[in-house]
Amino acid sequence: MNYRAEIDGLRAIAVVPVLFFHAAIYPFSGGYVGVDIFFVISGYLITGILLNEIEQGSFSVVGFYDRRIRRIYPALFATIVVTAIAAAFVLYADDLKDFGQSVIATLTFMSNVLFWHETNYFAPNAEFKPLLHTWSLAVEEQFYVLFPLLLSVLAYRGRRSQFAVIAILTLISFAAADVASLRSPASAFFLLPFRAWELSVGALLALYENGRSRPAGRIASIAAIVGLLLIAYAIVGLILRPRFRGDGRCFRFVEPYWSCILHSPPI
């Protein structure tokens, strides 16, 4: 896949509000939706790469996982080492024990499950869990354990079958997430079954545009403006609630999906 400058721009737009949210900087009360945008971008990019490899006959499960490991683990190890050094000086014994558990969970991409058991992402005590942010990486990697295999198997039945099956799975995950956000907010926030729809929305966009020309000119510019406005509204307009609610979930479904339609260069 060729370099996409506009997607790098989307990544920047997504990460800054998350940082501002954690720094409690007004008015970024909805800055945490940057994670949702990252999920959609990830699903879109990885699916595009997988589709190209499947079409060219070069797809390899081992090769895919090898690339993921080489891409993620160096930075992950560095993060854990630096964090461990700091933790040794600032955390109490009980907190250090919890930190050790989170290190193991992070390295095995299970930290989202651990933190689901232990904490609420928005609770005050979450600030004492230095690796809490790795929950989203765990969700992403869990998604990619089976997704490449599913995509390659469905390729034998044609593009329509790929799109239809993934669309159905997306709707199931979306519906489950909406129910869970009211009945079990922590589950809806941390666990893959309720987050998979965000990654698969990006996958659907990649499937839809595969083999088609991307929008250009005025259409692309309008789509870019609408996407950016939706992101801006989510960041400054969604009010943080004491639990992970589903009230805005339908909006959050549209916002990152539309945002990935930034196919033209920046206006």
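Rules used in this analysis
- Residues numbered from 1 in each chain as written.
- Predicted model: local features only at pLDDT ≥ 70, side-chain atom pairs only at ≥ 80, totals over all residues.
- Heavy atoms only, no water.
- Helix = DSSP H or I, 4+ residues; strand = E, 2+ residues; numbered from the N terminus.
- Buried < 20%, exposed > 50% of the residue type's maximum accessible area, 1.4 Å probe, protein only.
- Contact = heavy atoms within 4.5 Å.
- Areas by Shrake-Rupley, 256 points an atom, 1.4 Å probe, with all protein chains shown as cover.
- Axes fitted to C-alpha atoms, helices over the stretch in contact; angles between N-to-C directions.
- Parallel < 35°, antiparallel > 145°, perpendicular 65-115°, else oblique.
- Left-handed = near helix turned anticlockwise from the far one by under 90°.
- Nonpolar A, V, L, I, M, F, W, Y, C, P; charged D, E, K, R; others polar.
- Expected span 1.5 Å × (residues − 1).
- Arc of directions from axis to C-beta.
- Core = buried A, V, L, I, M, F, W, Y, C linked by side-chain atoms within 4.5 Å.
- pLDDT = per-residue confidence, 0-100.
- Salt bridge = Lys/Arg side-chain N within 4 Å of Asp/Glu carboxyl O.

**What to know about the overall build of the chain**
Then comes step 1: Scanning the chain from terminus to terminus reveals 11 helices and 0 strands.
Then comes step 2: Each helix and strand of the chain, ordered N terminal to C terminal, gives the series α-α-α-α-α-α-α-α-α-α-α.
Then comes step 3: By the burial criterion, 46% of the 267 residues in the chain qualify as buried.
Then comes step 4: Put simply, of all contacts in the chain between residues at least 6 apart along the chain, 76% involve residues at least 24 apart.
Then comes step 5: Total accessible area on the chain stands at roughly 13,800 Å², and carbon and sulfur atoms take up 68% of it.

**Things to note about the packing of helix H2 (residues 34-56) against helix H6 (residues 135-154)**
To describe two helices that pack against each other, one gives the angle between their axes and the distance between the axes.
Then comes step 1: Axis separation between H2 and H6 bottoms out at 11 Å; the angle between their running directions is 30 degrees. It follows that H2 is roughly parallel to H6 by the angle criterion. Crossing geometry of H2 relative to H6 is assigned as right-handed. In this structure, H2 uses Val-35, Phe-39, Ser-42, Gly-43, Ile-46, Thr-47, Leu-50, Leu-51 and Ile-54 to contact H6, whose residues at the interface are Trp-135, Ser-136, Val-139, Glu-140, Tyr-144, Phe-147, Pro-148, Leu-151 and Ser-152.
Then comes step 2: Class assignment for the residues of the contact of H2 with H6 results in 12 nonpolar, 5 polar and 1 charged.

**A look at helix H4 (residues 93-107)**
Then comes step 1: Over its 15 residues, H4 runs 21 Å from end to end, which matches the ideal 21 Å to within 8%, given 1.5 Å per residue.
Then comes step 2: Those residues of H4 lying buried are Phe-99, Ser-102, Val-103, Ala-105 and Thr-106. End-on, the buried residues of H4 take up no more than an arc of 165 degrees, which puts them together on one face. Of the residues in H4, the exposed ones pointing more than 90 degrees away from the buried face are Ala-93, Asp-94, Lys-97 and Ile-104.
Then comes step 3: Where the residues of H4 are buried, they touch helix H3 (61-90) and helix H5 (111-118).
Then comes step 4: Trailing H4 by a residue or two, Phe-109 shows a phi angle of about 55 degrees, which is positive.

**A few points about the nonpolar core**
Then comes step 1: One finds Trp-135 and Phe-147 to be the most contacted residues of the largest nonpolar core, which totals 48 residues.
Then comes step 2: Looking at this core, the elements with two or more residues in it are H2, H3, H4, H5, H6, helix H7 (159-183), helix H8 (185-190) and helix H9 (196-209).
Then comes step 3: One finds Leu-10, Tyr-32, Leu-45 and Leu-205 within the second-largest nonpolar core, a separate group that totals 15 residues.

**Describing the confidence of the model for the chain**
Then comes step 1: When the pLDDT values of the chain are averaged, the result is 82; 82% of them are 70 or greater.
Then comes step 2: Confidence over residues 240-267 falls short of pLDDT 50; this stretch has 84 contacts with residues more than four positions distant or in other chains.

**A word on H7**
Then comes step 1: For H7, spanning 25 residues, the distance from its first C-alpha to its last is 36 Å, which sits close to the expected 36 Å at 1.5 Å a residue.
Then comes step 2: Regarding H7, the residues found buried are Gln-162, Ile-166, Ala-167, Thr-170, Ser-173, Phe-174, Ala-177, Ala-180 and Ser-181.

**Considering the environment of Phe-163**
Then comes step 1: Within the secondary structure, Phe-163 is located in helix H7.
Then comes step 2: Taking the C-alpha atoms as reference points, Phe-163 and Ala-203, separated by 40 residues in sequence, lie 8.8 Å from one another.

**Some points on unusual backbone geometry**
Then comes step 1: Positive phi values are uncommon outside glycine, yet Phe-109 reaches one of about 55 degrees.
Then comes step 2: Residue placement: Phe-109 occurs in the loop between H4 and H5.
Then comes step 3: For Phe-109, a relative accessible area of 17% gives the class buried.

**What to know about the pattern of salt bridges**
Then comes step 1: In total, this model carries 8 salt bridges according to the counting rule given.
Then comes step 2: Between Glu-55 and Arg-159 there is a salt bridge, and its shortest N-O distance comes to 2.9 Å. Taken together, the residues Glu-55 in helix H2 and Arg-159 in helix H7 connect sequence positions 104 residues apart.
Then comes step 3: You can call Glu-55 partly exposed: its relative accessible area is 48%.

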